[in-house]
Each structure stands twice: as structure tokens, then as C-alpha cells.
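The lines below spell out each chain.
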Amino acid sequence: MRITASSCLCPLLFCLCVVRGEHGTSHHSPSKLSRNQTKLPDGEKEVHHRPKRGWIWNQFFVLEEHFGSDPQYVGKLHSNSDKGDGSVRYLLSGEGAGTIFIIDEVTGDIHAAKSLDREKKAHYVLHAQAIDRHTNKALEPESEFIIKVQDVNDNAPKFPDGPFVATVPEMSNIGTSVFQVTATDADDPTYGNSARVVYSILQGQPYFSIDPKTGVIRTALGNMDREAREQYAVVIQAKDMAGQVGGLSGSTTVNVTLTDVNDNPPKFPQKNYQLYVPESAQVGKAVGKIKANDEDLGVNAEITYSITNAEGAAIFSITTDRDKREGVISLKKPLNFEKKKAYTLHIEGANTHLDPRFSHLGPFKDHTTLKIIVGDVDEAPVFSMDYYIMDVYENAEIGTEVGAVTARDPDSTNSPVRYFIDRSVHGDSNFNIDAATGVITTTRSLDREETAWYNVTVVTSEVDNPSLLSHVPVTVQVLDVNDNPPEVAIDDEVIVCESSRPGQVIQTIRASDKDNFANGRFSFTLPSDLPVNPNFTLKDNEDNSASIVARRRRFSSSSQELYRLAVVVSDGGEPELSSTGTLTLRVCACGRGRHARTCQAQAFLSAAGLSTGALIAILLCIVILLAIVVLFINLRSKKAKKEPLVMSEEDVRENVVTYDDEGGGEEDTEAFDIAALRNPAVAEETKLRRDVRPDGRRAAAAAAAVAAAAAAGCRGSWSPSLVLDDADVQVIIRRRLVDADLDGSVPPYDSLQTYAYEGRGSPTGSVSSLDSADGLSEPDYNDVDDWGPAFLKLAELLGEVELEASG
């Protein structure tokens with residue numbers, strides 16, 4: 001088959017078509033046969049031979065945008081088997097076959113029935129086939145070929161992203177790059193000049209230029225001033241066909257804006273200004289504004305204001321409002337029309353961001369003068385002092401002058417003023433003030449001990465203008481006079497130890513006085529109208545304190561627990577005042593230190609911090625324990641009744657009782673024969689009877705033996721004799737013996753109290769008369785209080801003897 005077309009008319013092109021056909025036939029055979037095989041129809045055997053190429057074809061070309069009345073001729077298909085008798089039938093299949101491309105089945109001519117657009121589809125792939133019209137057998141293998149749509153210049157250049165916005169600094173040099181535009185052309189850039197675009201400026205000269213090939217826009221005029229013109233509309237044209245006549249074109253607009261640079265200094269509209277400021281203007285508040293103009297924008301127009309002269313800067317200050325670019329003038333010190341009526345301020349406004357490229361344009365700052373006129377204002381009266389401190393003696397008569405305040409009108413008119421007390425502040429009605437003179441007087445007698453300081457608020461106003469008020473605080477101190485007697489400070493009762501000695505300080509007392517201590521020193525004495533106190537005396541320490549001193553030795557709480565002591569205390573004021581206070585002294589048993597300030601029982605309860613419920617519980621426990629002890633004793637007594645009357649040697653040894661105290665004397669409940677303590681063998685011989693109650697004579701002898709033993713132990717000597725030389729002691733012992741004989745309800749009944757050993761640890765040794773020395777000496781009872789707790793009873797007895805002797 002041979003394919004002919006208008007493009008293959010010359011011999012050279014024809015040869016190329018033949019070569020292309022020979023090389024392309026085997027690649028487009030639909031049956032995919034090998035080089036040396038041919039598939040025969042109707043199942044005939046294959047014959048291996050070199051086939052003869054029958055298709056001769058070429059690539060077809062068709063112009064786009066054909067608008068003629070007749071279909072556009074594309075090319076021709078022809079097979080070598082075609083003899084021209086119409087027996088060969090040509091078939092066309094593939095893209096656009098039958099719709100866009102139509103083939104003549106007899107001649108093989110191909111026509112384009114429609115106008116084509118290369119920008120939509122640039123080529124079509126089709127398949128050609130030649131068959132026998134009579135047998136419908138393929139005369140040639142099916143072959144594939146391409147129809148290309150040939151481009152024509154039917155698309156103008158376009159700017160798909162336009163219009164554009166660009167900026168360039170003002171005062172830029174010539175040739176400064178501004179922007180670059182790029183146009184697109186849908187035509188084939190590989191075929192002819194249809195897509196070759198050149199650029200030009202239609203509008204925007206002589207300010208800007210454009211590179212015709214790259215589309216770069218540049219400044220063409222130097223020193224373009226934004227303040228003169230800020231916006232430029234530059235129209236750019238793009239033309240294809242390399243700009244030749246007949247080419248298509250498109251245009252766009254580039255809006256160029258000149259950006260600001262600091263090329264303009266600030267300027268004050270005027271060289272002189274005037275401002276009125278009343279003298280009542282508050283310090284720190286704005287009193288006026290001033291503004292310099294700057295044609296620049298943004299940071300290039302920022303201005304800093306300052307006062308350059310010292311006189312103006314001392315009274316006024318100026319700050320910059322960056323939003324409004326104004327200078328705000330404020331007051332630093334109060335104005336006074338009467339002292340100065342006008343001020344002159346030299347103000348400077350300067351740019352903060354300078355551009356060194358434009359420094360040749362001059363200093364970027366400007367100056368102006370502002371004259372401030374101080375306005376006279378009717379001001380409130382002014383006190384001569386910010387506050388007043390006055391004083392007055394207490395108990396002064398009503399109407400006593402305390403002091404005076406003064407105020408004046410600061411205005412030039414010097415109007416008269418009047419005074420009054422603002423009682424709504426402190427509500428004080430103790431003072432009055434003279435409305436004309438400002439003299440403050442008392443309205444009642446004042447007591448320093450009640451209130452020592454008073455705060456008063458005095459108000460003044462002009463007589464002609466009462467609405468203008470001024471306030472001043474006045475502090476009044478009430479001075480002290482000696483009108484209160486001193487008093488003895490009695491916080492707690494005074495504790496007197498039973499073992500106190502003559503000259504011993506019981507306690508130091510002090511006095512208090514409601515008056516000021518400056519009135520004098522306190523002195524302490526005993527009342528002169530009372531008899532001399534035999535128990536206590538008073539010593540003035542001359543340091544505003546006094547000491548209570550014991551006048552005798554030993555006190556007994558059992559004989560007298562409380563004592564009263566009247567003390568007179570006087571001050572050294574004018575006039576001298578005094579008072580008498582009565583102290584309560586309580587006698588208590590103290591320890592060795594003799595520094596107790598409360599009684600021992602009270603101190604125990606106080607230290608324990610026990611509540612009432614806890615005390616009741618403790619007492620109940622004590623009662624229960626006592627009941628158990630009584631029950632135990634009763635059981636022991638019943639058991640003793642069943643024992644034999646005669647004690648054996650073993651019984652004597654087993655019933656020896658050991659005492660750890662220092663001898664309770666007649667309070668002991670059981671005792672044994674001293675012979676049993678010395679030699680247990682004697683008990684068998686004596687055969688003591690335990691069921692015989694001793695008579696009064698035996699009890700008296702036993703008590704005498706106890707007293708003699710105690711006296712011998714106190715003297716620190718041993719004596720076998722029980723005779724006492726001191727008649728007073730014998731009297732006391734006999735009296736105690738009589739009391740013991742008459743009391744039939746108190747044990748012991750049949751026991752003799754003897755002591756062979758008083759235990760260990762006594763500071764004075766044993767008080768037993770056993771193995772004592774032969775001689776007797778007078779005992780020294782001065783230190784009996786120091787012998788220990790075991791001798792408290794003996795010290796009490798001796799104290800009572802001294803009381804009876806002194807009485």
C-alpha cells in the first residue's frame with residue numbers, strides 16, 4: 001500500500017516516506033507475525049518465505065483552524081495490490097475515524113471533515129487496513145499512522161496573574177529594578193514565531209522602562225519624590241511573532257507605589273506660640289500640646305520633643321505622643337501668679353530615625369518658642385504651718401487657751417479669713433476656736449489619764465468666698481499634773497515560808513501611779529498610826545521598790561495561815577500624794593530554797609494544769625486505796641486474834657517492822673520491845689502479851705522515851721538515860737501525853753513505840769538513844785528546819801513553843 005500526500009511530492013520526501021513505511025510496517029501489524037512467516041486464510045499451511053512489503057505510507061499533517069466550505073484534504077492510502085479495478089477496499093479506524101477523518105474506501109483519500117484546534121489536541125493516532133472487496137481477506141497487514149495538527153498563530157499572549165502591584169523607594173537611582181512580568185502564549189513554541197513574545201511599555205514613560213525580552217521593569221527617571229506623586233500605573237504589552245506586523249498581543253497593568261524615605265525634616269507651622277495656664281493647674285497634669293509637621297510616613301515621621309532652655313525645663317516637661325506625633329506639655333511644679341506671671345519655653349522637634357543618604361538635605365529638626373501665660377485664680381487660704389502641735393495641762397479650767405492657728409489669702413486681694421473646727425472628722429467637742437483669731441480653747445476639764453492626745457481638724461475659708469476651704473491637723477497634748485496617788489502593785493498574795501528567819505527578805509514590792517513618772521520617786525513606809533508589827537517590817541530600797549522583811553524566825557500555817565500588812569506609798573510630786581495598801585501574806589511550807597511564791601499544794605495543782613473532773617477522779621482513786629488499806633488492816637487484826645498469846649522466837653523475828661522515815665513519834669501504830677530488836681532471844685523470856693491495852697502511865701512513859709530519844713538524836717550524842725533537862729520540853733511532852741490518854745479512839749492500844757534504827761540518809765544521823773554517850777548536852781534547834789522532811793513536825797512543835805513564849 002502506498003500513502004501519498006501533498007507533503008510528499010518531491011522525490012526526497014517520497015524516499016523518506018518509503019523508508020519510514022518499510023521500517024514501520026512490522027511494528028504495527030495487528031497479527032504480530034514473525035519476519036519469515038505469513039498466516040494464510042482458511043487454515044492453509046504456512047509457507048516460510050520473505051514477505052513483500054505492500055504498505056507505503058507517511059506521517060500526515062493537517063492545518064488547524066480550517067474554515068473552508070470543503071473538507072480539508074489530509075492524504076491518501078494505497079496498496080500495491082490495488083490494480084485500480086475497485087477490488088480493494090480501504091478501511092480507517094482509531095481516533096476521530098468516521099467523525100473527524102473520513103476515508104474514501106475505493107481511492108483511499110483521507111479528508112478532515114471538521115476544523116481542528118492544536119491547543120486542544122495536537123495529534124491523532126489511526127489504523128489503516130486494505131481488504132479484498134470480494135473475499136473480505138486482508139491484502140495488507142493493518143498499519144498505524146499519526147495525523148499531526150499543524151499550528152497557526154491563533155493565540156495572543158496573556159498575563160494570567162495580572163494586574164500587578166509593585167513598590168520602589170522614592171528618590172531611587174535610575175535603573176533600579178521594580179518588577180518583572182511574564183506573559184504566556186498557547187501557540188506551539190517549536191514551530192515558527194507564534195509563541196515568541198516581546199514586551200513594551202504602553203503607559204508609564206518616562207518614569208519606567210522594560211526589558212523587551214525578560215520583562216523586567218526599571219526606573220527611568222531619578223529622584224522621584226513620593227511627596228509629589230506616590231502612585232503610578234504602568235501598562236505593559238506582550239506581542240508574539242517576535243513583535244512583527246500581524247502578531248497578536250496582550251497587555252496588563254502594573255501599579256507602582258513609591259515607598260517613603262526620611263528625606264523631609266520636621267517643621268513647626270509657626271515660630272511662636274502662646275498658651276494660657278491657670279495657676280490652679282495640678283502638678284503632673286497636661287496643660288497643652290504642640291505639633292511639628294513631617295511629610296514623611298511611619299518611622300520616618302517620628303519626632304521627639306524637648307525643652308531646651310533651663311527656665312522652662314525647671315517648671316514644665318514635654319513628652320511625645322507617638323500616635324498623634326504631638327508634644328504634650330505637663331506641669332512639674334505648682335504655678336503662682338503672684339510670684340511669676342509668664343514663662344517662655346524653647347521647644348525642639350527632631351526626627352528619631354535618620355537616613356544618612358539624605359543628610360545633605362539639612363538638619364532634621366526644627367525649633368519654636370512657646371510663651372505660657374499664668375492665669376490668676378482665686379485660691380483657698382493657706383495656713384502658716386502644715387500641722388500644729390499644742391499642749392494644755394489637765395484639770396485646766398474651761399476656756400483655757402490651748403494655742404492659735406493662722407492662715408492668709410494667697411491672692412493679691414488678701415481677703416479676710418475665718419476659722420472653724422470640722423467636727424465630722426473626729427467628732428471632738430472638747431475644744432472651740434475663735435472664728436476671727438484662730439485661738440483654740442477648751443470646752444471642758446481634761447483628764448490626761450483618760451485621754452492624753454487629741455486630734456482636731458481646723459478649717460479656714462475666705463469671708464467673701466466660703467466655698468474655698470483649707471484644712472490643717474492640730475494635735476493637742478494633755479500635760480500631766482499630780483492628781484493621782486500611787487498604789488502598791490498587788491498581783492498575787494505574798495508567800496511566807498514557815499522556815500523564814502529574822503532579817504530575811506520575804507518579797508520585793510513595787511508601786512504604780514496613773515500620773516506621769518516625772519512627778520517623782522516612790523517611797524514606802526509602814527503606817528505610823530499603827531503599833532509596831534512584830535512579824536514583818538518594810539525596807540525602802542530607794543529605787544521605787546521596797547522589801548518585806550521578817551522580824552522573827554519560823555511561822556506556822558497551822559497556828560496562823562494569813563497575815564495582813566499595811567504599806568504606805570508616796571510619790572514625789574507637787575503636791576505629794578500617798579495611799580495605803582494592805583498586803584496579804586500566806587504562810588506555807590517551803591523547800592530548801594525558800595523561794596516559793598505559791599504554796600506547795602497550790603503549786604502542784606497549778607503545774608499539773610488539772611481540770612475539775614481530773615481532780616475528782618484523783619480523789620476517788622485515793623478513797624478507794626484507803627478503803628483497801630483499811631480492809632487489809634482489818635484482816636490482819638482478825639488474823640492476829642487467832643495467834644497464840646505467847647510469841648515464839650520465830651514470831652519475833654518475822655514481825656520485826658522496818659521504818660524508812662525519821663520516826664513518826666506517837667503517830668506510829670505498832671512498835672516492839674527494844675529488847676527484841678537488840679537480841680531476839682530475850683523475847684522468849686519476856687513473854688509479852690499483845691492483848692493488854694496499856695494504861696495511861698505506860699503510854700506517858702512511852703511518849704517520854706520517844707521525846708528523849710528524839711532529843712538525844714538531835715544533840716548528835718548517845719546516852720542510855722532518857723531524862724530531859726529542858727523543863728519546857730517536858731511540859732509540852734506531858735501535855736501531849738494527857739491528850740493521847742484522853743483520846744480512846746486513836747491507836748496504838750497495846751504497843752510501845754520504840755526505834756532501834758531510823759533508816760539511812762538522814763543528814764543528822766540516828767536519833768535513837770541506844771548506844772548513846774553517857775553525857776547529855778543542850779540541843780541546838782536553830783538548824784532544825786534544815787534537817788529534812790522527817791523533822792518538819794518537830795520544827796512545827798518548836799515553833800509553837802516559841803510563839804507561846806513570845807506571847
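Residues numbered from 1 in each chain as written. Predicted model: local features only at pLDDT ≥ 70, side-chain atom pairs only at ≥ 80, totals over all residues. Heavy atoms only, no water.

## Describing the overall build of the protein
Counting its regular elements, the protein contains eleven helices and 38 strands. The buried share of the protein, taken over its 807 residues, is 36%. Pairs at least 24 residues apart make up 69% of the contacts formed inside the protein by residues separated by at least 6 positions. When the accessible surface of the protein is summed, it comes to about 46400 Å², and 53% of that surface belongs to carbon and sulfur atoms. (Helix = DSSP H or I, 4+ residues; strand = E, 2+ residues; numbered from the N terminus. Buried < 20%, exposed > 50% of the residue type's maximum accessible area, 1.4 Å probe, protein only. Contact = heavy atoms within 4.5 Å. Areas by Shrake-Rupley, 256 points an atom, 1.4 Å probe, with all protein chains shown as cover.)

## Things to note about the packing of aromatic side chains
Inspection of the entire model under this criterion finds twelve aromatic pairs. Geometrically, the ring pair formed by F60 and F145 is edge-to-face, given 5.2 Å between the ring centres and 80 degrees between the ring planes. Of this pair, F60 sits in strand β1 (residues 60–63) while F145 sits in strand β7 (residues 143–150); the two residues are 85 residues apart in sequence, bridging distant segments of the chain. As far as burial versus exposure is concerned, F60 and F145 are alike and both buried. Ring geometry for F101 versus Y124: centroids 5.2 Å apart, planes at 75 degrees, classification edge-to-face. Here the residue F101 occupies a position in strand β4 (residues 101–103), and Y124 occupies one in strand β6 (residues 123–132), the gap between them amounting to 23 residues. The ring centre of Y343 lies 5.3 Å from the NZ or CZ of K340, which sits over that ring. Sitting over the ring of F337, K341 keeps its end group 4.8 Å from the ring centre. (Phe/Tyr/Trp six-rings, centres within 6.5 Å; stacked < 30°, edge-to-face > 60°. Lys NZ or Arg CZ within 6 Å of the ring centre and 35° of its normal.)

## Describing the pairing of strand β18 (residues 316–321)
One ladder, built from six bridges, connects β18 with strand β19 (residues 326–331); its direction is antiparallel. Looking across to β19, one finds that F316 is bridged to L331. Between β18 and the antiparallel strand that follows it, β19, lie four residues; R325 among them carries a positive phi value of about 55 degrees. (Pairing = 2+ DSSP bridges.)

## Observations regarding the sheet that holds strand β20 (residues 342–351)
Taken together, four strands build an open sheet; the order of strands is β15-β21-β20-β17 and the sheet is mixed. Looking at strand neighbours, the two that pair on one side only are β15 (272–278) and β17 (303–307), the edges of this open sheet. On average, each strand axis in the sheet is tilted by 30 degrees relative to the strand beside it, whichever way the strands run. (Axes fitted to C-alpha atoms, helices over the stretch in contact; angles between N-to-C directions.)

## Overview of the pairing of strand β33 (residues 505–512)
Looking at chain direction, strand β31 (residues 487–488) and β33 are connected through two bridges and run antiparallel. Along β33, the bridge assignment pairs E487 with S512. Bridge count between β33 and strand β36 (residues 545–550): five bridges; the pairing is antiparallel. Within β36, the residue paired with T508 across the bridge is S547.

## Overview of the nonpolar core
Ranked by size, the top nonpolar core spans 23 residues in total, and within it F316, L345 and I347 carry the most contacts. Contributing elements (two or more residues each) for this core: β15, β16 (286–290), β17, β18, β19, β20 and β21 (365–375). Not counting residues up to four positions away in its chain, the partners in contact with I347 are F268, I290, Y305, S306, I318, I329, D366, H367, T368 and L370. (Core = buried A, V, L, I, M, F, W, Y, C linked by side-chain atoms within 4.5 Å.)

## Some remarks on the pattern of salt bridges
Once the charged atoms of two side chains with opposite charge are near each other, the side chains can pair. Summed over all chains, the structure comprises 14 salt bridges. Across the salt bridge formed by E105 and R89, the nearest N and O atoms sit 3.2 Å from each other. Of this pair, E105 sits in the loop between β4 and β5 (109–112) while R89 sits in strand β3 (residues 88–94), and the two are 16 residues apart along the sequence. Among the salt bridges present, the one from R448 reaches D480, with a minimum N-O distance of 3.0 Å. One end of the pair, R448, is in the loop between β28 (439–442) and β29 (453–462); the other, D480, is in the loop between β30 (469–479) and β31, and 32 residues separate them in sequence. Of the two residues, R448 and D480, neither departs from the other in class, the shared state being buried. Within the structure, one salt-bridge network assembled from shared partners comprises R226, E227 and D260. (Salt bridge = Lys/Arg side-chain N within 4 Å of Asp/Glu carboxyl O.)

## Topic: a nonpolar patch on the surface
Together, I618, L619, I622 and L626 line one region of the surface with nonpolar side chains, adding up to about 370 Å² of accessible area. One can find L619 in helix α5 (residues 612–642). (Patch = residues over 30% accessible without salt bridge, like charges linked within 9 Å, V, L, I, M, F, W, Y side chains within 5 Å.)

## Let's talk about unusual backbone geometry
Residue G162 is joined to P163 through a cis peptide bond whose omega torsion reads 0 degrees. Topologically, P163 is positioned in the loop between β7 and β8 (164–169). Cis geometry is adopted by the peptide bond preceding P206, which originates at Q205 and carries an omega value of 10 degrees. Along the polypeptide, P206 turns up in the loop between β10 (198–203) and β11 (208–210). One non-glycine residue, N223, adopts positive backbone phi at about 60 degrees. Mapped onto the fold, N223 is located in the loop between β12 (216–219) and β13 (231–239).

## Re the sheet that holds strand β14 (residues 249–259)
Taken in spatial order, the four strands of this open sheet run β8-β14-β13-β10, and their pairing is mixed. Since the sheet does not close on itself, it has two edges, and those belong to β8 and β10, each with one partner. Across the sheet, the mean angle from the axis of one strand to that of its neighbour is 35 degrees, orientation sign disregarded. Pairing geometry for β8 and β14, over six bridges, is parallel.

## Thoughts on the state of the cysteines
In this structure the tally under the stated criterion is one disulfide. Bridging C497 to C590, the disulfide has an S-S length of 2.1 Å. Its S-S torsion of about -90 degrees marks the bond between C497 and C590 as left-handed, since a negative value means left-handed. With a gap of 93 residues between them, C497 in strand β32 (residues 494–497) and C590 in the loop between β38 (578–588) and α4 (600–608) connect regions that are remote in the sequence. Exposure class is identical for C497 and C590. Each is buried. (Disulfide = S-S within 2.5 Å.)

## Re the environment of G98
Structurally, G98 is set in the loop between β3 and β4. Taking the C-alpha atoms as reference, G98 lies 9.1 Å from A113; in sequence the two are 15 residues apart.

## Description of the side chain of D571
If you trace the backbone, D571 turns up in the loop between β37 (562–570) and β38. Only 3.2 Å separates the side chain of D571 from the side chain of N482, close enough to count as a polar contact. Ignoring anything within four residues of it in the chain, the contact list for D571 reads N482, N484, P486, D513, R521, F522, E576 and L577. (Polar contact = N/O pair within 3.5 Å; in protein donor to acceptor, adjacent residues only side chain to side chain.)

## Points about the environment of R218
Among the structural elements, R218 can be located in strand β12. Separated by ten residues in sequence, R218 and F208 have C-alpha atoms that sit 5.6 Å apart. Sequence-distant contacts of R218, defined by excluding residues within four places in its chain, comprise G175, T176, S177, V178, Y207, F208 and S209. A polar contact of 3.3 Å, which involves the side chain of R218, links it to the backbone oxygen of G175.

Geometric values such as these leave the question of function open.
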